[in-house]
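Here are the chains, one letter per residue:
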Amino acid sequence: MKYTEGSEIRDAKAPSGPIEERWEKRKFSAKLVNPANKRKLHVIVVGTGLAGGSAAATLGELGYNVTSFCYQDSPRRAHSIAAQGGINAAKNYRGDGDSIYRLFYDTVKGGDFRARESNVYRLAQVSVNIIDQAVAQGVPFAREYGGLLDTRSFGGAQVSRTFYARGQTGQQLLLGAYQALERQVAAGTVTMHTRHEMLDLIVSEGRARGVIVRDMVTGEIERHVADAVVLATGGYGNVFFLSTNAKGCNTTAIWRAHERGAYFANPCYTQIHPTCIPVSGEYQSKLTLMSESLRNDGRVWVPLRKNDTRAPGDIPEQERDYYLERIYPAFGNLVPRDIASRAAKNVCDEGRGVGPGGLGVYLDFRDAIGRLGRDAVEKKYGNLFEMYERITGENPYDVPMRIYPAVHYTMGGLWVDYDLQSTIPGLFVIGEANFSDHGANRLGASALMQGLADGYFVLPTTLGDYLADGPYNDVDEEAVAAAEIRVRDKIDRLLSVNGTRTPDSFHRELGKLMWDYCGMERTEESLRKALERIPELRAEFWQNVKVTGTAEELNQVLEKAGRVADFFDLAELMCLDALVRTESCGGHFRAESQDSDGEALRDDDRFAHVAAWERTPDGPVLHKEPLEYEYVKMTQRSYK
Ligand SMILES: Cc1cc2nc3c(=O)[nH]c(=O)nc-3n(C[C@H](O)[C@H](O)[C@H](O)COP(=O)(O)OP(=O)(O)OC[C@H]3O[C@@H](n4cnc5c(N)ncnc54)[C@H](O)[C@@H]3O)c2cc1C
């Protein structure tokens, strides 16, 4: 796939000065909209997960006129509900040395020096407000005996800063955001459209001014215009078919915005989570995460010997290799996800993996149960243990869990500036859908933090600054009609192929290809193979896909086909981005770029930049945004 290099891109909104004052400075310089004018301004928010739900609720509370969309039957069913382990905040309730600066430092380092300092510092600052907000809403965070909020540790940190609600933190936080959202629905500031899928973005006179959506129950195509559009549509890990994401997660909303002119940043940065239930067969369509919080007490090991088929209980202590504790004594089992995933892959590649196919390692709670007692372990992780047992038929209180890395999160997403505005004026992107804060590797429990920081605190300020410059001209009717025609044409095209293969079969094949060639380890050869094969498979899709039913009814095959079509184009850009970045960093491991210990080897001279891709009729254009580090020294990351 050919690409050209365009001009450098800069974050024009990035503030300067002492880092701890930047967000304050930006907030003060942001223009305000007076309350009477807010009522006249209309904002569309697509997505009701933690990012979109919190944003719509807050914008409604501020008095804007908000329209909110999601494709589920309730905002509460957004994928955020699946988040298990917790949410980070620099509260330092434990007095264990945490601070805003340390959370900032851990996040920049954890992201392998590929995130913006200003953004990350703001995230760490705002993290403390999120906990207060959630507690005020009644989110039932775990508490210690004395009544204080409890915390636990997550990867990449030596302090205990993760707030949690058993293994259901996302669910509880989403219920908090949902209550706030429903309050605004009742107050009439937010109009909610469930079961509506955004299929195109309306851009009028260079500004994002609305969306075309399909009513998924009746098939009706609707136009909605507004003064600004916010995308909070989540991540695209399902391009790999098998992932821990909810089955519905897809790229359509952000891909459509990319086609309309929004740059796509760092598409190749994918997070592979080390602790998931291993794949068990060809029939499988979903993978299950075992929360990182389990690594607080679970110890990861494999047999010392290759091809050791003894039951774990029969393998004596001296014949076990607690390889994370051995290789990374400072962080032990709590090394970041990218490091733990690669280490698991390495021991399995050596022939020391356990379970069917040798693609698994043990996560063992024997010592924790001995130390704390079964009841204490059950209190902390009971629902996760139950989930594991239901899926595998094995009781993790008696035998170690078997786990293996799986696709989990995408650090890449639409490029946004410090204000969370994309390269299309008026199009704001929040939560997992943007690329903003995690660099090349996200630390555990930081996605919820970012989504809620964006939705509750950052966007409400920066969007106001944009809207204060309005009102903008009336929306160009031709732009609206053109967007609708594109949507109708695509649906007609999908229905008219009438081939022999299901959208799912194409998706499965594409996902396997991505996992094999652009997964945990990438090489020039594998990426070139992928870039050759993806267009062939896409061509076959458009000639041979079978979409049953019609457009004027509930049609899940049609929905799926549209999403898979977009995954093809996204997959191609991911492989191109991975090919061009000939360094290893975080979740992007190029086998050609590793040090003598097999760790990721960055090339800061050539790659300390965000890769922001523009889509043009002549092919992709790469714009580089240089990353500058004034506070954290760029070093080779070490967790030893
Ligand atoms: C199993 C699992 C466990 C996790 N645990 C944690 C954890 O413990 N801590 C942590 O910090 N992170 C965790 N994460 C990551 C975290 O859950 C997500 O990154 C985060 O919830 C994403 O929130 P979001 O609001 O950006 O998107 P989502 O929650 O994915 O919401 C997307 C919304 O957009 C809507 N949408 C999407 N496309 C369209 C469209 N075209 N039209 C209309 N609506 C659309 C959907 O309906 C939905 O409402 C976990 C992830 C997984 C998979």
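Our subject is the structure that appears above.
Overview of the structure. (Residues numbered from 1 in each chain as written. Predicted model: local features only at pLDDT ≥ 70, side-chain atom pairs only at ≥ 80, totals over all residues. Heavy atoms only, no water.)

1. So, the overall build of the chain
What the chain contains, in helices and strands, is 17 helices and 21 strands. At 24 Å, the chain has a C-alpha radius of gyration in line with the 26 Å of a compact globule built from 640 residues. In terms of overall dimensions, the chain has C-alpha extents of about 75 × 60 × 50 Å along its principal axes. A burial count over the chain gives 62% of its 640 residues as buried. Put simply, of all contacts in the chain between residues at least 6 apart along the chain, 75% involve residues at least 24 apart. Of the accessible surface of the chain, which amounts to about 23900 Å², a share of 49% is contributed by carbon and sulfur atoms. (Helix = DSSP H or I, 4+ residues; strand = E, 2+ residues; numbered from the N terminus. Rg over C-alpha atoms; globule rule 2.2 N^0.38 Å. Buried < 20%, exposed > 50% of the residue type's maximum accessible area, 1.4 Å probe, protein only. Contact = heavy atoms within 4.5 Å. Areas by Shrake-Rupley, 256 points an atom, 1.4 Å probe, with all protein chains shown as cover.)

2. Some words on the environment of Phe 506
The topology assignment puts Phe 506 in helix H14 (residues 503-518). Its relative accessible area of 0% is what places Phe 506 among the buried residues. C-alpha of Phe 506 to C-alpha of Ala 565: the two residues are 59 residues apart in sequence and 9.4 Å apart in space.

3. Thoughts on the sheet that holds strand E12 (residues 264-265)
Hydrogen bonding along the main chain pairs the strands of a sheet, whether they run parallel or antiparallel. With mixed pairing, the five strands of this open sheet are ordered in space as E1-E21-E20-E12-E18. Both outer strands of the open sheet, strand E1 (4-5) and strand E18 (413-414), are each paired with one neighbouring strand and no more. Note that E12 and strand E20 (residues 609-616) share two bridges and pair antiparallel. The partner of Phe 264 across the bridge, within E20, is Trp 613. On top of the sheet, helix H7 (residues 252-260) reaches E12, E18 and E20; it is set at about 70° to E20, its chief contact. Across the sheet, helix H16 (residues 556-580) touches E12, E20 and strand E21 (619-626), and the angle it forms with E20 is around 140°. (Pairing = 2+ DSSP bridges. Axes fitted to C-alpha atoms, helices over the stretch in contact; angles between N-to-C directions.)

4. Quick word on unusual backbone geometry
Residue Pro 471 is bonded to the preceding Gly 470 through a cis peptide linkage, with omega at -5°. Structurally, Pro 471 is set in the loop between helix H12 (447-467) and helix H13 (477-497). The phi torsion at Arg 166 lies on the positive side, around 40°, for a residue other than glycine. Note that Arg 166 resides in the loop between strand E6 (162-163) and helix H6 (169-187).

5. A look at the site of the ligand
Taken together, 36 residues form the shell around the ligand, and within it Gln 72, Ser 80, Gly 85, Met 198 and Glu 432 come nearest. Interatomic distance of 2.4 Å between a side-chain N/O atom of Gln 72 and an oxygen atom of the ligand. At 2.7 Å from an oxygen atom of the ligand is found a side-chain nitrogen or oxygen belonging to Glu 432. Taking 1000 Å² as the accessible area of the ligand by itself, protein coverage stands at 98%. Elements that contribute at least two residues to the shell around the ligand include exactly helix H3 (50-62), strand E8 (196-204), strand E17 (401-410) and H12. Here the residues of the shell around the ligand sort into 16 nonpolar, 17 polar and three charged. (Near = heavy atom within 4 Å. Polar contact = N/O pair within 3.5 Å; in protein donor to acceptor, adjacent residues only side chain to side chain. Nonpolar A, V, L, I, M, F, W, Y, C, P; charged D, E, K, R; others polar.)

6. Digging into the sheet that holds strand E7 (residues 190-193)
One open sheet holds the five strands; their spatial order is E7-E3-E2-E11-E19, and the pairing between them is parallel. The open sheet has two free edges, formed respectively by E7 and strand E19 (427-429), since each of these has just one partner strand. Averaged over all neighbouring strand pairs, the angle between strand axes comes to 20°, with direction disregarded. Two strands pair when backbone bridges link them, and strand E2 (residues 42-46) and strand E3 (residues 65-69) are joined in this way by five bridges, in the parallel orientation. Counted as the bridge partner of Val 46 is Phe 69 from E3. Each of E2, strand E11 (228-231) and E19 touches H12; the most contacted strand, E11, lies at about 155° to it.

7. Re empty space enclosed by the protein
Taken as a whole, this structure holds six cavities of 30 Å³ or more when the rule is applied. As a volume, the largest cavity reaches approximately 60 Å³. When the residues that make up the lining of the largest cavity are grouped by side-chain class, the tally is two nonpolar, one polar and four charged. (1 Å grid on protein atoms, 1.4 Å probe; cavity = no way out; pocket = protein on both sides within 12 Å on 5 of 7 lines; lining within 4 Å. Points joined across faces, edges and corners; volume = space filled by probe spheres on them.)

8. A look at the packing of aromatic side chains
Considering all chains together, one arrives at 23 aromatic pairs under this definition. Between the aromatic rings of Phe 113 and Tyr 629, the centroid separation amounts to 6.1 Å while the plane-to-plane angle is 80°, which identifies the pairing as edge-to-face. With Phe 113 in the loop between helix H4 (100-110) and helix H5 (117-137) and Tyr 629 in the segment after E21, this residue pair connects regions lying 516 residues apart in the sequence. Assessed through its relative accessible area of 1%, Phe 113 is described here as buried. (Phe/Tyr/Trp six-rings, centres within 6.5 Å; stacked < 30°, edge-to-face > 60°.)

9. Here's the deal with the packing of helix H1 (residues 22-29) against H12
Viewed as axis vectors pointing N to C, H1 and H12 meet at an angle of 40°, and their least axial separation amounts to 9 Å. By the criterion of interaxial angle, the relationship of H1 to H12 is oblique. Handedness of the crossing formed by H1 with H12: left-handed. Across the interface between the two elements, Trp 23, Arg 26, Lys 27 and Ser 29 from H1 touch Phe 457, Val 458, Thr 461, Thr 462 and Asp 465 from H12. Class assignment of the residues belonging to the contact of H1 with H12 gives a composition of three nonpolar, three polar and three charged. (Parallel < 35°, antiparallel > 145°, perpendicular 65-115°, else oblique. Left-handed = near helix turned anticlockwise from the far one by under 90°.)

10. Here we look at the nonpolar core
Core analysis: the largest hydrophobic core is formed by 182 residues, its most contacted members being Ile 87, Leu 231, Leu 427 and Phe 541. A per-element tally of this core places H16 first, with 15 residues. Discounting chain neighbours no more than four positions away, the residues touching Ile 87 are Ile 130, Ile 131, Phe 141, Arg 161, Thr 162, Phe 163, Thr 169, Leu 173, Ala 445, Leu 448, Met 449 and Leu 452. Core analysis: the next-biggest nonpolar cluster, separate from the first, contains five residues, Trp 301, Tyr 322, Val 354 and Tyr 362 among them. (Core = buried A, V, L, I, M, F, W, Y, C linked by side-chain atoms within 4.5 Å.)

11. Focus on the pattern of salt bridges
Applying the stated rule across the entire model yields 71 salt bridges. Close ionic contact of Glu 625 with Arg 116 constitutes a salt bridge, the shortest N to O distance being 2.8 Å. Pair noted here: Glu 625 is in strand E21 and Arg 116 is in the loop between H4 and H5, with a separation of 509 residues, a long-range link. The partner of Glu 386 in a salt bridge is Arg 390, and the shortest N-O contact between them spans 2.6 Å. Taken together, the positions of Glu 386 and Arg 390, both in helix H11 (residues 374-392) and four residues apart, correspond to about one turn of that helix. Taken together, the salt bridges that share partners define one network made up of Asp 112, Arg 114, Asp 338, Arg 581, Glu 583, Arg 602, Asp 604 and Arg 637. (Salt bridge = Lys/Arg side-chain N within 4 Å of Asp/Glu carboxyl O.)

12. With respect to the environment of Leu 420
Mapping Leu 420 onto the fold places it in the loop between E18 and E19. Under the relative-accessibility criterion, Leu 420 is labelled buried at 0%. Taking C-alpha positions, Leu 420 is 8.0 Å from Asp 454, a pair spaced 34 residues apart along the chain. Residues within four places of Leu 420 in sequence aside, it is in contact with Arg 122, Leu 427, Phe 428, Val 429, Ile 430, Asn 434, Asp 454, Val 458 and Leu 459.

13. As for H4
Every buried residue of H4 is accounted for by Leu 103, Phe 104, Asp 106, Thr 107, Val 108, Lys 109 and Gly 110. Buried residues in H4 make contact with H5 and H12. Once H4 ends, the next one or two residues include Asp 112, with phi positive near 55°.

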